[in-house]
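# Close look at the chain arrangement
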Amino acid sequence: METVQQLVIRVPDQMAAAVDALVEAGEYDTRSDAVRAAVEALLDRRRRDEIGRQIAAGYERLPTTDAEMAEADAAAVVMIEAEPW
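In this report, we go over the structure that sits alongside the text.

Cut-off values and rules
- Within every chain, residues take consecutive numbers counted from 1 along the sequence as written.
- Where totals are concerned, whole chains, interfaces and linings use all residues; where local detail is concerned, this predicted model gives features only for residues with pLDDT of at least 70, and gives and counts side-chain atom pairs only at 80 or more.
- Excluding hydrogens and water, the side-chain values take into account all heavy atoms of the structure.
- Only DSSP runs of H or I reaching four residues or more are called helices, and only runs of E reaching two or more are called strands; each is numbered from the N terminus.
- All radius of gyration figures rest on C-alpha atoms, and the globule criterion is 2.2 Å times the number of residues raised to 0.38.
- Think of it in three bands: residues with accessible area under 20% of the maximum for their type are buried, residues over 50% are exposed, and the middle band is partly exposed, with areas taken using a 1.4 Å probe on protein chains only.
- Here, Shrake-Rupley sampling with a 1.4 Å probe gives the accessible areas, and only protein chains in the shown set may cover a residue.
- The positive count covers Lys and Arg only, the negative count covers Asp and Glu only, and His and the chain ends enter neither.
- Charged groups are reduced to one reference atom each: NZ for lysine, CZ for arginine, CG for aspartic acid, CD for glutamic acid.
- Salt-bridge detection follows one rule: a side-chain nitrogen of Lys or Arg within 4 Å of a carboxyl oxygen of Asp or Glu.
- Residues forming no salt bridge and having over 30% relative accessible area are the ones grouped into patches, like charges within 9 Å of each other and nonpolar side chains (Val, Leu, Ile, Met, Phe, Trp, Tyr) within 5 Å.
- One less than the number of residues in a helix, times 1.5 Å, gives the span that helix is expected to have.

## Observations regarding the overall build of the protein chain
- Helix and strand counts for the protein chain come out as 3 helices and 0 strands.
- Relative to the compact-globule value of 12 Å for 85 residues, the protein chain shows a C-alpha radius of gyration of 23 Å, a clear excess of over 25%.
- Viewed in the frame of its principal axes, the protein chain has a C-alpha envelope of about 55 × 40 × 35 Å.
- Taking all 85 residues of the protein chain together, 4% fall into the buried category.
- Carbon and sulfur atoms make up 57% of the accessible area of the protein chain, which amounts to about 8100 Å² in all.
- When the 9 basic and 18 acidic side-chain charges of the protein chain are each reduced to a single mean position, those positions are 11 Å apart.

## Side note on the pattern of salt bridges
- On inspection of all chains with the given rule, the structure shows 6 salt bridges.
- Of the charged contacts, one joins Arg36 and Asp33 as a salt bridge, the two residues approaching to 2.7 Å between their closest N and O atoms. Taken together, the residues Arg36 and Asp33, both in helix H2 (residues 31-61) and 3 residues apart, mark about one turn of the helix.
- Taking relative accessible area as the criterion, Arg36 reaches 45% and is therefore assigned partly exposed.
- Note on Asp33: relative accessible area 25%, which makes it partly exposed.

## Quick notes on a nonpolar patch on the surface
- A cluster of nonpolar residues, Leu7, Ile9, Val11, Met15, Val35, Val39 and Leu43, forms a patch on the protein surface that exposes about 650 Å² of accessible area.
- No other element matches H2, which puts 3 residues into the nonpolar patch.
- Take Val39: it is sitting in helix H2.

## A few points about the environment of Glu2
- In this fold, Glu2 is placed in the segment before helix H1 (13-24).
- Classification of Glu2 as exposed rests on a relative accessible area of 71%.

## Observations concerning H1
- The terminal C-alpha atoms of H1, which comprises 12 residues, lie 16 Å apart, in line with the 16 Å expected from a rise of 1.5 Å per residue.
- Backbone geometry just downstream of H1 places Gly26 in the positive-phi region, at approximately 85°.

Written as structure tokens, this is what we have:
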């Protein structure tokens, strides 16, 4: 079983009211659930941003060649021509 730690935070009244509104609307069971979801979303966004930076860096280190672009263009034309429009 995963251990958990308690984090104590202070937020402005307006933010607390917005969290309470989410709980009252039934979107979350508790304030803790709402805050936990927000932290998870933040961490996920940061993780995805880092992955994006790594992908971009890889393309900068090894740019696409003209031959690769020509092959991709040809494949796109074939796929578009296969569409029943």
